[in-house]
Amino acid sequence: MRKKHVHMYLMLIPVVILFTGLVFYPFIEGIRISLTNWNGYSRTYSYVGMTNYISLLNSRLFKVALRNTFIYGFGCTFIQQVVGLAYALFVNLRFRGRNLVRLIIYLPSMIAGIIMGYMMYGLFEYNRGALNDIVRWLGGQRVLWLEDGNRAVFIIVLINAFQFVGVSMLIYLAGLQNIPAQIMEAARLDGCGSWQLFAHVVLPLLIPAITSSTIINLIGGLRLFDLIQALTSGGPGIATHSIATSINYLHFWSENAGGAAAAGVVLFVIIFIVSATTNTLFRRKEVEF
Amino acid sequence: MRWGKRLLVFLTSLLIIALHMIPIYITVVASFKDIRDFSSKWVLPQKLVLDNFRMAIHDGGFYTALVNTGLITALSILIVVIVGSMTGYVLARLDNAVTRGVLLATLGVMMVPSISLVVPLYRTLLLINGINTYWAVILLCATYQLPLGIFIYTNFIRTVPVALDEAAEIDGCSQFGTYLRVILPQLGPVTASVMILSGVKIYNEYVFALYFLQSADRRMITTYVSSFFHEVSYINQASAAALLGALPIIVVYLVLQKWFIAGAMDSAVK
C-alpha cells in the first residue's frame, strides 16, 4: 500500500462497514444459527450439528420447495429470454408508437411483486376471477387456477415472467442498438437472408446481453418470494412453496429458526452455483467485432 | 414499410399493450365498483364509486405508509449515491488486491437474497437496537442496493479521463478533493440511473418491511397493502388499496419515462 493512496482507502471504509455489518457478519451468524435448535425468540439454544440440514433434506416441504425453486428460476428465465428478445426485435423496428409499446411492456416491473400478486389474484381467482368469467362466457366450467398445485406453479412462473419481461426487453434493446450498422450492412451485401442475419450475426453479438439478462432473471426467479406470498402463500398445502417462502414458513409458523437459517444457506449456495456456472458457460461463447 | 406490414405492426402493438394492461385494468375496474356490484371485472362500472378508496385510506394508515416509504426510499437512495460513487471512484482508479477484494465482495452481495439472511439479520439488529427502527431498514435497503450502484458508477468513472485527476492533483487537490470537485460533478446522468433503479427496488421493498418494521405505524406501502388484504373481505376494497399503493410509482414512471428507460438500458451494458 503506497502512502499516497491513503485517501482512496479511507473512501472504501463506508462500503466495508455496510457489507461487513449487514451482509458478511449476518451470513456467518446464519451458518452458526443453522447448526443450532434456536426457535427464533428464546434466550437459550444448543448446538445440534448438521441435524437441521439433514431433517431439511428429508422433509417433504424442502423437496417440493427445491423443485419449485428450480422451476421458478429456469422457467421464468426461459420465457423472459425468448419473449424479451422477440419484444426487443419488435420495438427496435421503426414505427410510430414504439416508445409507447416499450413503456407499457416495462410498466409492470415498476409494481411491487406483492401488489402485482394481489392484482393478478383478481384475474385467476376461482369464483369471480376475470379469467373464469371468460371461460364461462365461452361455455366452459370454471377452472381451479390457483387451487391446483402444479397449475398454480405454472401460473406463478407466467406471472413473474410477464412482470419482468420488460427488463429483459430493454437489456436486449440496448444490445441490439450496440451492434454497429456497418456489420449488418456488410452481412447483407454478402447475401445474408434475414434469418441468417439473425442467427449468424445478431445472436452471437448479443451474447453479453444474453449473459446479463439470463443471470439477472435467474437470480430473480430463484429467490422468488413476494409474488408467491400474495397469490398462494405456498398453498394449496405446500405445493407452490419456493425455498424463499419456506424460510418464512419455517421461521414464522414452525418456530424453527435454525431450520430457516439452514434453508437460507442452501438458497444462497444454489444461487451462487447457478449464476457462477451460467457466467462461465456464456463467457466462453462471447465474440468480438 | 408496405401498408400490409404497417397494419401487422399496428395490430401487434395493440395486442401487446392490451395484454400488459390486463392486471391494471381489472384492478381499476374492481376498485371503482360498488361492493354489491357482482358484474364481471371486464365490465366497466355503471357509476364510479369512491367508497373503496375511502375505505382504503380511512384510518390514515395509507398516508403513514406512504410517508414512511418515501422517507426510507429517499434516505436509502442518498446513501447508495454517496457510498456507491465513492466506492466506484476508488474501484475505477486503483487496481490492486484491496480493490479486487471489494469488487468480489460487491459481486457476492449482489447474489445474496435478503430473505435467506432474515434469521441472522434479526439477531444482528437486536444487537444494535435496530428492530422496528427506520434507520436500520434504511441502512439495510441501501446496503442491498449498493452493488448495482457500485457497478454502474465504476463502469462510468472508468470512462472519465484520468488526466482530469492528475490535473487536479497538480493544482493541489487531495484525492478526496478530486472525487468531490472533479468526479462528482460529472456523475449527473449516471446518478439519475442509479437513483431510479435503486429507488424502484426500495419503494417496493417487502422482506425488510415485513420482518423489521412490524408495528402498525411503521408499515411501508407493501406491508400496508398486504395487511389490508388480510383484513378486508371485499376484493373491491383490496383492489383500491393495491391501486393506491402502485399509483405513486406509476405516476413517477410515466412522468420520468425517458430516464427510467435509459436507466434500465444503462444497467445492462456491463
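The model shown is predicted, which means the values in this text are computed figures rather than measured ones. (Residues numbered from 1 in each chain as written. Chains lettered and ligands numbered in written order. Predicted model: local features only at pLDDT ≥ 70, side-chain atom pairs only at ≥ 80, totals over all residues. Heavy atoms only, no water.)

**Q** What should I look at first to understand the packing of aromatic side chains in this one?
**A** Here the distance between the centres and the angle between the planes together describe a pair of aromatic rings. According to the stated counting rule, one finds 23 aromatic pairs over all chains in the structure shown. Relative to Y211 of chain B, the ring of F252 of chain A has its centre 5.1 Å away and its plane inclined at 10°; by these criteria the two rings are stacked. Of this pair, F252 of chain A sits in helix 13 (residues 243-252) while Y211 of chain B sits in helix 10 (residues 207-212), each in a different chain. Given the relative accessible area of 2%, Y211 of chain B is considered buried. (Phe/Tyr/Trp six-rings, centres within 6.5 Å; stacked < 30°, edge-to-face > 60°. Helix = DSSP H or I, 4+ residues; strand = E, 2+ residues; numbered from the N terminus. Buried < 20%, exposed > 50% of the residue type's maximum accessible area, 1.4 Å probe, protein only.)

**Q** Honestly, the pattern of salt bridges in this entry has me stumped. Any pointers?
**A** Pairing is possible between side chains that carry opposite charge, provided their charged atoms lie close to one another. Counting across every chain of the model gives eight salt bridges over all chains. Among the salt bridges present, the one from E29 of chain A reaches R32 of chain A, with a minimum N-O distance of 3.1 Å. Here E29 of chain A and its partner R32 of chain A are both found in helix 2 (residues 13-33), three residues apart, which amounts to about one turn of the helix. One salt bridge in this structure joins R36 of chain B and D34 of chain B, with 3.1 Å as the shortest N-O distance. Overall, R36 of chain B belongs to the exposed group, its relative accessible area being 64%. What you see here is one network of salt bridges that share partners, running through E29 and R32 of chain A together with R123 of chain B. (Salt bridge = Lys/Arg side-chain N within 4 Å of Asp/Glu carboxyl O.)

**Q** Quick question: what am I supposed to make of the nonpolar core here?
**A** Nonpolar side chains tend to gather and get buried jointly when the protein is soluble and globular. Counting residues in each nonpolar core, the largest one holds 184 residues, and the members touching the most others are I115 of chain A together with F208 of chain B. Per element, the largest residue contribution to this core is 15 residues, and it comes from helix 8 (residues 149-178) of chain A. When residues are assigned to domains, this core turns out to be shared by domain 1 (3-49) and domain 2 (58-268) of chain B, each giving three or more. Ignoring anything within four residues of it in the chain, the contact list for I115 of chain A reads I221, V225, A242, G245 and A246 of chain B. (Core = buried A, V, L, I, M, F, W, Y, C linked by side-chain atoms within 4.5 Å. Domains from an automatic or database assignment. Contact = heavy atoms within 4.5 Å.)

**Q** I'm lost on empty space enclosed by the protein in this one. Help?
**A** Over the atoms, a rolled probe matching the size of one water molecule traces out where space is still vacant. Taken as a whole and assessed by the stated rule, the structure comprises three cavities of 30 Å³ or more. As a volume, the largest cavity reaches approximately 70 Å³. Taken together, Y118, M119 and G122 of chain A together with I26, T27, A30, K41, F229, I235, A238, S239 and A242 of chain B form the lining of the largest cavity. Those elements that place two or more of their residues in the lining of the largest cavity are helix 6 (113-124) of chain A together with helix 1 (3-31) and helix 12 (235-255) of chain B. Ranked by residue count, the leading element in the lining of the largest cavity is helix 12 of chain B, at four residues. Its residues placed into classes, the lining of the largest cavity shows eight nonpolar, three polar and one charged. Taken domain by domain, the lining of the largest cavity gets at least three of its residues from each of domain 1 (3-49) and domain 2 (58-268) of chain B. Of the pockets and cavities examined, the second largest cavity occupies roughly 50 Å³. F27, G30, I31, A261, G264, V265 and F268 of chain A together with S116, L117 and P120 of chain B are the residues that line the second largest cavity. The greatest single-element share of the lining of the second largest cavity, amounting to four residues, is contributed by helix 14 (residues 257-283) of chain A. Looking at the lining of the second largest cavity residue by residue, the class counts come to seven nonpolar, three polar and no charged. (1 Å grid on protein atoms, 1.4 Å probe; cavity = no way out; pocket = protein on both sides within 12 Å on 5 of 7 lines; lining within 4 Å. Points joined across faces, edges and corners; volume = space filled by probe spheres on them. Nonpolar A, V, L, I, M, F, W, Y, C, P; charged D, E, K, R; others polar.)

**Q** How do you make sense of the interface of chain B and chain A when you look at a structure like this?
**A** One widely used convention gives an interface's size as the accessible area the parts lose upon coming together. Listed per partner, the contact involves 93 residues of chain B and 89 residues of chain A. Of the roughly 7900 Å² buried between chain B and chain A on both sides combined, carbon and sulfur atoms contribute 78%. Its largest share of buried area at the contact with chain A, chain B owes to H20, M111 and R123 of chain B, together 9% of the area lost on that side. There are two salt bridges connecting chain B and chain A. Across the pair K41 of chain B and E125 of chain A runs a salt bridge, and its minimum N-O distance is 3.6 Å. For the pair chain B and chain A, the interface holds 17 residue pairs in polar contact (both at pLDDT 80 or more). In terms of residues, the side of chain B that touches chain A owes the most to one element, helix 1 of chain B, which gives 13 residues. (Buried area = accessible area lost by both parts, 1.4 Å probe. Polar contact = N/O pair within 3.5 Å; in protein donor to acceptor, adjacent residues only side chain to side chain.)

**Q** For this particular structure, what's the right way to read the packing of helix 2 of chain A against helix 3 (residues 61-93) of chain B?
**A** Two quantities define a packed helix pair, namely the angle between the axes and the distance from one axis to the other. The contact between helix 2 of chain A and helix 3 of chain B brings their axes to 8 Å, and the two run at 120°. One element, helix 2 of chain A, and the other, helix 3 of chain B, form an angle in the oblique class. For the pair formed by helix 2 of chain A and helix 3 of chain B, the contact residues are P14, V15 and L18 of chain A on the first element and I79, V83, M86 and T87 of chain B on the second. (Axes fitted to C-alpha atoms, helices over the stretch in contact; angles between N-to-C directions. Parallel < 35°, antiparallel > 145°, perpendicular 65-115°, else oblique.)

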